[in-house]
Amino acid sequence: QVQLVESGGGLVQPGGSLRLSCAASGSFGSVNVMAWYRQAPGKERELVASIGSSGSAMVADSVKGRFSLSRDSAKNTVYLQMNFLKPKDTAVYYCWLLKSGGQYWGQGTQVTVSS
């Protein structure tokens, strides 16, 4: 079984920064993809950024230049650095892991960007 534990969400003013962390535990092997999705009220869940086991990362166009994703394989943790946050970034952010045989979701962490 795989568990994903997210942290780092909260309330921030426009233009501020937050760093989300997602720590994975359990049996997931060495070949997997981890990602962050977000879901705003009344909207569908959307991919924000993903990173493969090789370290190759991508971010969505909507956050490019503001968000970055990194991975500490030794700690089985991924980090989403969010800079220059905007009110439209307000959402519940979910960590996701894909491995052979299944996919797993974290419980979500709220990010609110407001003055």
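What comes next is a walk through the structure. (Residues numbered from 1 in each chain as written. Predicted model: local features only at pLDDT ≥ 70, side-chain atom pairs only at ≥ 80, totals over all residues. Heavy atoms only, no water.)

## A closer look at the overall build of the protein
- Summing up its helical and strand segments, the protein has 0 helices and 11 strands in all.
- In the protein, the succession of α and β elements from N to C terminus is β-β-β-β-β-β-β-β-β-β-β.
- For a compact globule of 115 residues, the expected C-alpha radius of gyration is about 13 Å, and the protein comes in at 13 Å, within 12% of that figure.
- For the protein, the C-alpha atoms occupy an extent of roughly 40 × 25 × 20 Å along the three principal directions. (Helix = DSSP H or I, 4+ residues; strand = E, 2+ residues; numbered from the N terminus. Rg over C-alpha atoms; globule rule 2.2 N^0.38 Å.)

## Focus: the state of the cysteines
- Counted by the stated rule, this structure contains 1 disulfide.
- Each disulfide pairs two cysteine sulfurs, and for Cys-22 the partner residue is Cys-95, the sulfurs being separated by 2.0 Å. The sign of the S-S torsion, about -85°, decides the handedness of the disulfide formed by Cys-22 and Cys-95: left-handed. Of the two residues, Cys-22 is situated in strand E3 (residues 18-26) and Cys-95 in strand E9 (residues 91-99); the sequence distance between them amounts to 73 residues.
- Its relative accessible area of 0% is what places Cys-22 among the buried residues.
- We classify Cys-95 as buried; its relative accessible area is 0%. (Disulfide = S-S within 2.5 Å. Buried < 20%, exposed > 50% of the residue type's maximum accessible area, 1.4 Å probe, protein only.)

## Thoughts on the environment of Ala-60
- Looking at where Ala-60 falls in the secondary structure, it is placed in the loop between strand E6 (57-59) and strand E7 (67-72).
- In the structure, Ala-60 is positioned 14 residues away from Glu-46 in sequence and 9.1 Å away in space, judged by C-alpha atoms.
- In contact with Ala-60, not counting residues within four places along its chain, are Leu-47 and Val-48. (Contact = heavy atoms within 4.5 Å.)

## Some points on the nonpolar core
- The biggest cluster of nonpolar side chains holds 30 residues, and the ones touching the most others in it are Leu-4, Met-34, Trp-36, Leu-80, Met-82 and Tyr-93.
- For this core, the secondary structure elements donating two or more residues are strand E1 (2-7), E3, strand E4 (32-39), strand E5 (46-52), E7, strand E8 (77-82), E9 and strand E11 (109-113). (Core = buried A, V, L, I, M, F, W, Y, C linked by side-chain atoms within 4.5 Å.)

## Comments concerning the layout of surface pockets
- By volume, the largest pocket is sized at about 150 Å³.
- Contributing to the lining of the largest pocket are Arg-38, Gln-39, Ala-40, Lys-43, Glu-44, Glu-46, Ser-62, Lys-88 and Thr-90.
- Residue composition of the lining of the largest pocket, grouped by class: 1 nonpolar, 3 polar and 5 charged. (1 Å grid on protein atoms, 1.4 Å probe; cavity = no way out; pocket = protein on both sides within 12 Å on 5 of 7 lines; lining within 4 Å. Points joined across faces, edges and corners; volume = space filled by probe spheres on them. Nonpolar A, V, L, I, M, F, W, Y, C, P; charged D, E, K, R; others polar.)

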